[in-house]
Amino acid sequence: MEFCNYKKKYEEKVTFKDKMNINNLEKVINSELASKITKSDILNNELLIETNVEDLISVIQFLKSSDKCKFRQLIDIAGVDYLGEEKRFQIIYLLLSHEKNLRVKVLIKVSTDEKVSSLVKIFPSANWMEREVFDMYGIKFVNHPDLRRILTDYNFKGYPLRKDFPLTGFNEVRYSEKEKKIVYEPVKLEQNYRDFDFKSPWEGTKYVKNLNKEIKKND
């Protein structure tokens, strides 16, 4: 009897999960957050919803706490630079619901000087992710506990993933054996090894030449 009851509960649980597919999820989100969702699309069996910067916290909070969604894990935060557009940057939040076995992407558009609310209080894992977006794109997050560079040096100039960032950068960092400290210098691209003599055949490096001489002597 106990086994039958367990089987019945299990089948009901599986049926409930099956009902919450990607299409139903889109309907739930649009009905519950009607005024805060500006656009929603399903592409390649993935749901992408777009919202405004000021509505980001409430949308993320709903996706995490609602029993119909339960997106309890923040997978990643990605940035995109569309140089020339009024809202130059896009930030995409990737969320995962283990219980529903569903994923959703939340997109917001941000102008150069606009600040975004931090998600650290909702998802502590957002700490380093937001620092990476700040480091690469220069987008600032309000109420972040420690908004510092995380991939580049603290004194690094510019934001490497912006489309207008020069390919060679501004400064290079190295340890000076002479001064016994880290020094910053303008980027120098030393490419002496590119000075080839194309008229002569490739003979290899010095140790190859020496090796060939020894082989000839032994012969």
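Residues numbered from 1 in each chain as written. Predicted model: local features only at pLDDT ≥ 70, side-chain atom pairs only at ≥ 80, totals over all residues. Heavy atoms only, no water.

Asks: Please provide a residue-by-residue account of the packing of aromatic side chains, values included.
Replies: Enumeration over the complete set of coordinates arrives at three aromatic pairs. Judged by centre distance (6.2 Å) and plane angle (75 degrees), the ring pair of Phe89 and Tyr137 falls under edge-to-face. Remark: Tyr137 occurs in helix H4 (residues 126–137) and Phe89 occurs in strand S4 (residues 89–97); sequence separation between them is 48 residues. On the basis of relative accessible area, Phe89 is assigned to the buried category, the value being 0%. The ring of Phe123 carries Lys64 above its face, with NZ or CZ at 4.8 Å from the centroid. (Phe/Tyr/Trp six-rings, centres within 6.5 Å; stacked < 30°, edge-to-face > 60°. Helix = DSSP H or I, 4+ residues; strand = E, 2+ residues; numbered from the N terminus. Buried < 20%, exposed > 50% of the residue type's maximum accessible area, 1.4 Å probe, protein only. Lys NZ or Arg CZ within 6 Å of the ring centre and 35° of its normal.)

Asks: Break down the environment of Thr38 for me, with residues and values.
Replies: Relative to the helices and strands, Thr38 resides in strand S1 (residues 37–43). Given the relative accessible area of 43%, Thr38 is considered partly exposed. Placed 70 residues apart in sequence, Thr38 and Ile108 show a C-alpha to C-alpha distance of 9.8 Å. Apart from the residues within four sequence positions on either side, Thr38 is in contact with Glu50, Thr51 and Asn52. (Contact = heavy atoms within 4.5 Å.)

Asks: So, the nonpolar core: which residues are in play, and what are the values?
Replies: Ranked by internal contacts, the top residues of the largest apolar core, which has 40 residues, are Leu63 and Tyr93. If near-sequence neighbours (up to four positions away) are discounted, Leu63 is found in contact with Ile29, Ile49, Cys69, Lys70, Phe71, Leu95, Val104 and Val106. (Core = buried A, V, L, I, M, F, W, Y, C linked by side-chain atoms within 4.5 Å.)

Asks: Hey, could you go over the sheet that holds strand S3 (residues 73–81) for me, with residue numbers and the actual values?
Replies: Note: strands within a sheet are paired through backbone hydrogen bonds, in either parallel or antiparallel orientation. With mixed pairing, the five strands of this open sheet are ordered in space as S1-S2-S5-S4-S3. At either end of the open sheet lies a strand with only one pairing partner, and these are S1 and S3. In this sheet, adjacent strand axes meet at a mean angle of 20 degrees when their direction is disregarded. Bridge analysis of S4 against strand S5 (residues 102–110) gives nine bridges, and the strand direction is antiparallel. Opposite Leu94, over in S5, you have Lys105 as the bridge partner. (Pairing = 2+ DSSP bridges. Axes fitted to C-alpha atoms, helices over the stretch in contact; angles between N-to-C directions.)

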